[in-house]
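Structural features, examined
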Amino acid sequence: ADAEAGSGKQPAGADGKPGRASKKEVYPAHMRAAEIMKGLKSGKLVSGTLHMLKNTCYLGCVKNEKEQIMTVGSQALNRAIEGDEVVVERLDDSQAQVYEAAAKQLRHGVGSSGQDLTEADVTDLAKEVAQEKSAFEGKTKGRIVSVVKRQIRELCGSISPLDNPLPRGIESLGEGQRIFIPSDLRFPYMFVEPPDAATDFEGKRVLVSVNVWDRYSEIPRGKFIKTLGAVGDVNVETQMILMEHQICNDPWTDEVLACLPPSDYKITEEELKGREDVRKTLVFSIDPPKCEDIDDALSCVRLDNGNFAIGIHIADVTNFVLPGTALDKEASARCTSVYLVDRRIDMLPKLLTTDICSLRANEDHLTFSCFVELTPEGEIVSERFAKSVIHSAAQLSYADAQSHLDGEIEERPDITQAICDLNSLAVKIRAERFRKGALELSTATEMSFELDDETGKPTNLFVYKSYSTNKLIEEFMLLANQAAARFTLDMFRKTSVLRNHLPPKEKSMAEIKELLRCHGIEDFDYSNNKALSESLKNLEKPDDPFFNRLVSVMVTRSMNEATYISSGDVKPQMYHHFGLAMDKYTHFTSPIRRYADVLVHRGLMASLKLQDLPEGMADKSNLTAQLEQLNYRNRMARWADSASDELHRFLFFKEKGPITAVGVVMRVSQAGLSVAVEEYGAEGVVELSAMDWLVLKESQAAHGRPLSPYEGISVHIFDRLEVCIEADTTDNRHRKLKLTFVSLPKAAARLGDGAALGGEGGLGNIEAEETAVMQDVGA
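Residues numbered from 1 in each chain as written. Predicted model: local features only at pLDDT ≥ 70, side-chain atom pairs only at ≥ 80, totals over all residues. Heavy atoms only, no water.

**Re the overall build of the protein chain**
If you tally the helices and strands in the protein chain, you get 19 helices and 31 strands. A burial count over the protein chain gives 58% of its 779 residues as buried. Sequence-distant contacts in the protein chain: of pairs separated by 6 or more residues, those separated by 24 or more amount to 70%. (Helix = DSSP H or I, 4+ residues; strand = E, 2+ residues; numbered from the N terminus. Buried < 20%, exposed > 50% of the residue type's maximum accessible area, 1.4 Å probe, protein only. Contact = heavy atoms within 4.5 Å.)

**A short note on the side chain of Ser 337**
Along the polypeptide, Ser 337 turns up in the loop between α8 (326-334) and β15 (338-339). Dropping the residues within four chain positions of it, Ser 337 is found in contact with Ile 345, Asp 346, Met 347, Ile 592 and Arg 593.

**Considerations on the sheet that holds strand β3 (residues 68-72)**
A barrel is described by the order of its strands in space; here five strands give the closed sequence β1-β2-β3-β5-β4, paired in mixed fashion. Adjacent strand axes in the sheet meet at a mean angle of 50° when their direction is disregarded. Pairing of strand β1 (residues 45-52) with strand β2 (residues 59-63) involves four bridges; the strand directions are antiparallel. Paired with Met 52 across the strands is Gly 60, a residue of β2. (Pairing = 2+ DSSP bridges. Axes fitted to C-alpha atoms, helices over the stretch in contact; angles between N-to-C directions.)

**Brief notes about the pairing of strand β24 (residues 659-669)**
Within β24, nine of the 11 residues are buried, which leaves it mostly tucked inside the rest of the structure. As defined by bridge partners, β24 adjoins strand β30 (residues 720-728) across six bridges and the pair is classed as antiparallel. Bridging from a neighbouring strand, Val 664 pairs with Arg 720 of β30. By the bridge criterion, five bridges tie β24 to strand β25 (residues 672-677) in an arrangement that is antiparallel. Bridging across to β25, Val 664 finds its partner in Ala 676.

**A word on the pairing of strand β13 (residues 296-302)**
Burial runs high along β13: five of the seven residues are buried. Looking at chain direction, β13 and strand β14 (residues 308-315) are connected through seven bridges and run antiparallel. Paired with Asp 296 across the strands is Ile 314, a residue of β14. Counted along the chain from β13 to the antiparallel partner β14, the turn is five residues long, and its residue Gly 306 has a positive phi close to 90°.

**Here we look at the nonpolar core**
In this structure, Phe 284, Ile 310, Ile 312, Phe 476 and Phe 588 are the most contacted members of the largest nonpolar core, which totals 80 residues. The next biggest cluster of nonpolar side chains, apart from the first, holds 44 residues, and it includes Val 463, Tyr 632, Leu 673 and Phe 741. (Core = buried A, V, L, I, M, F, W, Y, C linked by side-chain atoms within 4.5 Å.)

**Digging into the environment of Glu 276**
Among the secondary structure elements, Glu 276 is positioned in strand β11 (residues 276-277). Note: C-alpha distance between Glu 276 and Lys 387 (111 residues apart in sequence) is 6.4 Å. When neighbours within four sequence positions are excluded, Glu 276 is seen to be in contact with Phe 371, Arg 384, Ala 386, Lys 387, Ser 388 and Val 389.

Without other data, these values stay purely geometric and don't point to any function.
Structure (structure tokens):
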């Protein structure tokens, strides 16, 4: 711990009041080691790891195995940054208000357009688009009193031009100093001393590591490491994204490669022993086009009793990834494959992901199957699991399967019949899920990019197209996952891997209800998932599908994040998955790309007495630690995916120049109008000058002031307006879009019926399992 004199009971400043009056001490001193030990022993203090809300360095949550404590503002954070191991002191309401008041007074520094925002303003803006916003609400508040261990990590970003304004409280730079601006908004600006401080770093990306941060400095000092390359170079920018989110893309070690079967691997007779031979049954896969890592395939056979024998066949990855091997350890560290706009970072070597394990057509493959007998009404008669071997007859895209479903393909009538039967069952299963309260929520509009073959830069973008066959796959993946949860939990009550999703926080949903009230919608019930599902259905506007999806997006972002849990760590009532309205749920269907599924497969094998439960799963503490790693790595993978999408959208607008489009207001705040533009999948804040606009947050409206250019114009939440979208390069982070108000469209102007969310990305069926809650919730 930092051995600093003083107790630091109040935010630093003159007379102990919030502010920056004192030029000697900017932050409270950290506690001495003896005082910390005493406080930890008495329970007054708590130790844990600090994690920041995405897109801000002013709101963090200190987490340990037992509790979570929220820290608000730079004074309460007291020089701690993302990933640090810290000690935090709980605050009562009156103490917390002092620090929150400081956050409302202290200046953030230079915004993207020079707007002087407070720390509270920046935090509010971050909450608008936070993917895990709910995790930072309703928690005990605290202040950090010591940084026990600083996480040493390298950060990517830019050097601020010498003629740029300096951050808050910094009057001048020392000799050889420059300001480093991390591209990851969870980290503060830093002082750095490049080898040649006079060098023009304009248009360059650099690498810096955090060094020290004493209480007399507004911002930390970093160590300049190297120049990475040019801003806008796709490879440089993507490498930054991988580093920011700690995505491992290192070459496979010799030890890992030694665990793989030979490149000319063929299934052996020994491997076929004890497996059900399904090779004579019609089996096929349905995935996005060009999907290489095919986890799942389906079969559907009509039985003499009128029922259907369904086979959900999943790649038998655990046949090749054995517990405790170097390959297994590497997969357990990576936890998940990562999908970016222009590349895929695999959890396992390609020999497995795209060759041996991928369920490609016209080849025999080892699988782990979930066999379910269903009535014509979609009711489960029986379900069981078994190791198997299949021979896939066809590798279909969603569009191909849809053509079969629509009767547009005459070849292979057997496949057409199977798809029609599966779809008929899926429709009924889905209706029953929603009758029980399942939620159909959405992420923001998902886009597909066309990339230049030489530069890798986007030349066009368009909304993904989704088909009925997307939902077909979704239902059967959910069916198998739910069955796997039931099966393993029956055998291993304390060490089963489950996926839970807690109900949303009251405060989050109350905010949504108030926003809808400002739009004239009074009846919004979120008391349980069934009530919420009905409310979302009732508020739909038949002539305005984008409004329907936008509300769904807003509700999704207010949800808790779905997480992996060990069944022995929580009470059985905590197993529930709120978004899917399921009492028990897990992940079984994507072992090529998710380590959680590998664990579930091992649990199933132990349940079937095919092998013992591996030591790492039988040990409750080891399993809990692995699941925490899974949750963190999955979150980073989602953020990296989002950052890659953001980067390519930025590069598109940078090449195309300003474009005017119609957007919809999602929220009105003092910072401006939060606007979503479906056509380009873009979101941003249209800043409103206080000189020109009167903003009424309570009624979610903004009115042009008399004598201003906007006199007579009023904008309300969910109104459509024309905005100009352009690449914003003013904040040196170079991934943001700038939206400016143009006008209100004519009364008749509408977006039309829009295009559906979801569809043909490169993610296989990983999203299809849980479109109901989508990736913003991470369900």
